[in-house]
Amino acid sequence: MDIIITMRSDKPIYEQIESQLKEMIVSQKLKAGDPIPSMRALAKDLHISLITVKKAYENLSRDGLIETIVGKGSFVASLNTEQLKEEKQREIEALLSKACQEAKAAGIRKDTLKELIDILYEGELL
């Protein structure tokens, strides 16, 4: 499993781990029932504190994305497709919110921004 952390990020390490695992789950690169590394193994692989990994796993568990079975390990939780869709929508809303703030700060009009979103959505600039 490729989890990449950077010490130069403004984001705390546990959030980097959490967001990367969440993305793998939401995009279904990791499917329901798939095992994820033990907290100890991941901490060792990333050369970070076990407490840091534990915090990320606790947050993912709280959000219903993973489940830990004592003596067996941690696994991707069974999620319904509606839950996955809602999770992805929240992420997109956060990105769009930031984009709108940037557009306002740059003096870009709402209608111009809407046109740009339409173009991007259709894949014309990708």
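Coordinates for the structure precede this section.
Residue numbers run consecutively from 1 along every chain, following the written order of its sequence. At least 70 in pLDDT is required for a residue's local features to be given in this predicted model, at least 80 for side-chain atom pairs to be given and counted, and no such filter applies to totals for whole chains, interfaces and linings, which use all residues. Side-chain measures were taken over the full set of non-hydrogen atoms in the model, leaving aside hydrogen atoms and water.

### Brief notes about the packing of aromatic side chains
For step 1, the next point in the chain: Aromatic rings from Phe, Tyr and Trp, with only the six-membered ring used for Trp, were paired whenever their centres fell within 6.5 Å, and each pair was classed as stacked if the ring planes differed by under 30 degrees, edge-to-face if by over 60, and tilted otherwise. This model, assessed by the stated rule, comprises 0 aromatic pairs.
For step 2, the next point in the chain: The lysine or arginine in question, Lys 55, covers the ring of Tyr 14, its NZ or CZ lying 4.2 Å from the ring centre. Counted as over-ring charges are cases with an Arg CZ or a Lys NZ within 6 Å of the ring centre that also lie within 35 degrees of the ring normal.

### Re the sheet that holds strand β1 (residues 35-36)
For step 1, the next point in the chain: Note on pairing: two strands pair once DSSP finds at least 2 bridges between them. Numbering of helices and strands starts at the N terminus; helices are DSSP runs of H or I of at least 4 residues and strands are runs of E of at least 2. Reading across the sheet, the 3 strands line up as β1-β3-β2 and stay open at both edges, with antiparallel pairing between neighbours. Every interior strand has two partners, whereas the edge strands, β1 and β2 (66-69), have only one.
For step 2, the next point in the chain: In this structure, β2 lies alongside strand β3 (residues 73-76), joined through 4 bridges in antiparallel fashion. Its bridge partner lying in β3, Glu 67 is registered against Phe 75.

### Structural notes on the packing of helix α2 (residues 39-46) against helix α3 (residues 50-62)
For step 1, the next point in the chain: Lines are fitted to the C-alpha atoms to define the axes, a helix being fitted only along its stretch in contact, and any angle between axes, read from their N-to-C directions, falls within 0 to 180 degrees. Running from N to C, α2 and α3 point in directions that differ by 125°, and their axes come no closer than 8 Å. The angle between the axes of α2 and α3 places the two elements in the oblique class. The handedness of the crossing between α2 and α3 comes out as right-handed. The residues of α3 that touch α2, namely those facing Met 39, Arg 40, Leu 42 and Ala 43, are Leu 50, Val 53, Lys 54 and Tyr 57. When describing relative orientation, an angle under 35 degrees is termed roughly parallel and one over 145 degrees roughly antiparallel, while 65 to 115 degrees is termed roughly perpendicular and anything else oblique. Left-handed describes a crossing whose near helix is turned anticlockwise from the far helix through less than a right angle; right-handed describes the clockwise counterpart. It only takes one pair of heavy atoms within 4.5 Å for two residues to be counted as in contact.

### Focus on the pattern of salt bridges
For step 1, the next point in the chain: By definition, a salt bridge exists where a carboxyl oxygen of Asp or Glu is found within 4 Å of a side-chain nitrogen of Lys or Arg. In this structure the tally under the stated criterion is 7 salt bridges.
For step 2, the next point in the chain: Note that Lys 22 is salt-bridged to Asp 63, the shortest N-O span being 3.7 Å. Taken together, the positions of Lys 22 in helix α1 (residues 13-26) and Asp 63 in the loop between α3 and β2 put the pair 41 residues apart, joining distant regions of the chain.
For step 3, the next point in the chain: Classification of residues uses two cut-offs on accessible area relative to the type maximum, computed with a 1.4 Å probe and protein chains only: under 20% is buried, over 50% is exposed, and between them is partly exposed. For Lys 22, a relative accessible area of 16% translates into the label buried.

### Focus: the side chain of Gln 16
For step 1, the next point in the chain: Its location among the elements puts Gln 16 in helix α1.
For step 2, the next point in the chain: Residue classification places Gln 16 among the buried residues on the basis of a relative accessible area of 6%.
For step 3, the next point in the chain: In protein, a polar contact requires one atom able to donate a hydrogen and another able to accept it; more generally it is a pair of N or O atoms within 3.5 Å, and residues adjacent in sequence count only if both atoms are side-chain atoms. There is a polar contact of 2.8 Å between the side chain of Gln 16 and the backbone nitrogen of Thr 6.
For step 4, the next point in the chain: What Gln 16 contacts, discounting residues up to four positions off in sequence, is Ile 4, Ile 5, Thr 6, Ser 9 and Lys 11.

### What about the nonpolar core?
For step 1, the next point in the chain: Think of a nonpolar core as a cluster: buried Ala, Val, Leu, Ile, Met, Phe, Trp, Tyr and Cys residues, connected wherever their side-chain atoms sit within 4.5 Å. Core analysis: the biggest nonpolar cluster contains 22 residues, and Ile 3, Ile 17 and Tyr 57 have the highest contact counts within it.
For step 2, the next point in the chain: Breaking this core down by element, the ones donating at least two residues are α1, α2 and α3.
For step 3, the next point in the chain: Broken down by element, the residue count for this core peaks at 5 residues, all from α1.
For step 4, the next point in the chain: Setting aside chain neighbours within four positions, we find Tyr 57 in contact with Leu 21, Ile 36, Pro 37, Ser 38, Met 39, Leu 42, Ile 66 and Ser 74.

### Describing α3
For step 1, the next point in the chain: Under the 1.5 Å per step criterion, the end-to-end length of α3 is 18 Å for 13 residues, consistent within 8% with the ideal 18 Å.
For step 2, the next point in the chain: By the burial criterion, the buried members of α3 are Val 53, Ala 56, Tyr 57, Asn 59 and Leu 60. Along the axis of α3, the buried residues cluster in a sector spanning 160°; they form a single face. In this structure, α3 carries Ile 51 and Arg 62 as exposed residues pointing more than 90 degrees from its buried face.
For step 3, the next point in the chain: Where the residues of α3 are buried, they touch α1, β1, α2, β2 and β3.
For step 4, the next point in the chain: Regarding α3, its N-cap is Ser 49, as a side-chain oxygen of that residue lies 3.0 Å from the backbone nitrogen of Ile 51 further along.
For step 5, the next point in the chain: Gly 64 lies just past α3 and shows a positive phi near 80°. A helix's residues, less one, multiplied by 1.5 Å, set its expected span. What the arc measures is the spread of directions leading from the helix axis to the C-beta atoms.

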